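One letter stands for each residue in the lines below.
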Amino acid sequence: MFDLKVTNATLPDGRTAIDIGVQSGRIVAVGVNLVGEAGETIDAGGLLVSPPFVDSHFHMDATLSLGQPRLNDSGLLLDGIQIWGELKPLLTHEAVVERALRYCDLAVSQGLLAIRTHVDICDERLLGVEALLEVKKKVAPYIDLQLVAFPQDGYYRYPGAVDLLKRALDRGVDVVGGIPHFERTMADGAASVKALCEIAADRGLMIDLHCDETDDPLSRHIETLAYETRRLGLGGRSTGSHLTSMHSMDNYYVSKLLPLIAEAGVTAIANPLINIGIQGRHDTYPKRRGMTRVPELLAHGVTVAFGHDCVMDPWYSLGQADMLDVASMGLHVAQMTSRSAMNQCFAAVTTAPARILNLENYGLEVGCKADMVLLQAADAIEAIRLKATRLVVIKAGKVIARTPKRISTLALDGRPDVVDAARYAPVIRESNASSIR
């Protein structure tokens, strides 16, 4: 007997008519026409069932703070940092916790059940750290929340940041963070990468650096990160986030850089919504897109994820915890429009970030945690195209969110009464389709 059985599902890898059996919060059977009664049965009706969405790069301490204390009318990255600096002294523990919990409610409704969030440690109170450690405990039953100790104002540039980062890690923050391109000199930036990688190695932690989030092609801290990752044996635990300077680098240098990143085992996180808005602000025309070289990184075997980065804060005034919105922007900006590339974009908000976060037992195979999302879409590509409604969100084998189908009714002579956008896609021959890896 199953506690839960999901029937007639399409999976991201292209399998159809699949049943998923769940017992005690784990997937215990996956196959066609599973035999056995269930305490609850959900008929997927041939629609897509995916593992939950994963956001590998976010700033939860700032989320939903839009307009406090003022709006970022310029849209510049540095102006966002300035506004956040003005807000930090005004923050209260209760306000940060309340905003973060509200965001987590929104995330659950969107099937987003794992988030890596950077938390600013450049505050003598470590208020954000304490608030998000509390939030992490509160949401643990339904969201895997991973915290990064992030020196927003520079590991060396901000007085006391060296000690504050250590204190944050001592209190239980999971990942070492940094922002080398914001240090006062390139030399200080490189030195910060070395020091932060050594901290991660000494403590057995992962490291995730805001790396080269600039239009300056001479910002090359990713090269140092790759070197230190290889020197210290951090492969698989080291991540470069943003990497937008790579968009402006000359092709010859990138042809050297990409193999170094792959050889070191550094993973990459692009943030399409934010960087397409923030980068290239000093350009006239042509304007640079400002997102890192996603297809090229993937071609070299680098694990690449897409992050949401911000929602309604000093850097980005939009967003709704929708990782399909992120995937869609990434697809368009990187011009990843082949079917195999579009499937890679879906993987960039599911399986790829799960690998980067080292999430255990993630997926839809026997033995995995029974965490999954039923989407109003026939497959992964359609899910991105439609920003598909999350019909059912399941955590540990229990339904934690439901949303009605998005269906329109028509009053047109000779036309259908009902329009379900998920049923309008042309049929693509199986031989021409590619599936998620």
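Whatever comes next refers back to the structure up there.
All values reported here derive from a predicted model rather than from experimental measurement.

Trainee: Could you clarify how one ought to interpret the packing of aromatic side chains in this entry?
Mentor: Think of a pair of aromatic rings as described by two things: how far the centres are apart, and how the planes are tilted against each other in angle. Under the definition given, this model contains 4 aromatic pairs. Measuring from ring centre to ring centre gives 6.0 Å for phenylalanine 53 and phenylalanine 346, while their planes differ by 70°; the resulting arrangement is edge-to-face. Taken together, the positions of phenylalanine 53 in strand E6 (residues 53–58) and phenylalanine 346 in helix H11 (residues 339–347) put the pair 293 residues apart, joining distant regions of the chain. With a relative accessible area of 0%, phenylalanine 53 lands in the buried category. The side chain of lysine 88 reaches across the aromatic face of tyrosine 158, ending 5.9 Å from its centre. One residue, arginine 220, lies across the ring of tyrosine 253, its end atom 3.7 Å from the ring centre.

Trainee: Hey, could you run me through the pairing of strand E10 (residues 206–211) in this one?
Mentor: Note on strand geometry: in a regular strand, side chains alternate between the two faces of the sheet. The buried count for E10 comes to 6 of 6 residues, which makes it a mostly enclosed element. Two elements, strand E9 (residues 175–178) and E10, share 4 bridges in a ladder whose sense is parallel. Pairing of glycine 178 across the sheet is with leucine 209, part of E10. Following the chain from E9 across helix H5 (residues 186–203) to the adjacent parallel E10, one finds a crossover that is right-handed. As paired strands, E10 and strand E11 (residues 238–242) are joined by 5 bridges and run parallel to one another. Within the sheet, the bridge partner assigned to leucine 209 lies in E11 and is glycine 240. Between E10 and its parallel partner E11, the chain crosses via helix H6 (residues 221–232), and the hand of that crossover is right-handed.

Trainee: Can you walk me through the sheet that holds strand E5 (residues 48–50) in this structure?
Mentor: Whether parallel or antiparallel, the strands of a sheet pair through hydrogen bonds between backbone atoms. If you walk across this open sheet you meet the 4 strands as E5-E14-E15-E16, and the pairing is antiparallel. Whereas interior strands pair on both sides, the edge strands pair on one side only; in this sheet they are E5 and strand E16 (398–402). The average angle at which neighbouring strand axes cross in this sheet is 20°, direction not considered. Where strand E14 (residues 372–375) meets strand E15 (residues 390–395), 4 bridges bridge the pair, whose relative direction is antiparallel. Looking at the pairing, valine 373 lines up with valine 393 of E15.

Cut-offs applied
- Residues numbered from 1 in each chain as written.
- Predicted model: local features only at pLDDT ≥ 70, side-chain atom pairs only at ≥ 80, totals over all residues.
- Heavy atoms only, no water.
- Phe/Tyr/Trp six-rings, centres within 6.5 Å; stacked < 30°, edge-to-face > 60°.
- Helix = DSSP H or I, 4+ residues; strand = E, 2+ residues; numbered from the N terminus.
- Buried < 20%, exposed > 50% of the residue type's maximum accessible area, 1.4 Å probe, protein only.
- Lys NZ or Arg CZ within 6 Å of the ring centre and 35° of its normal.
- Pairing = 2+ DSSP bridges.
- Right-handed = clockwise from strand over helix to strand, strands pointing away.
- Axes fitted to C-alpha atoms, helices over the stretch in contact; angles between N-to-C directions.

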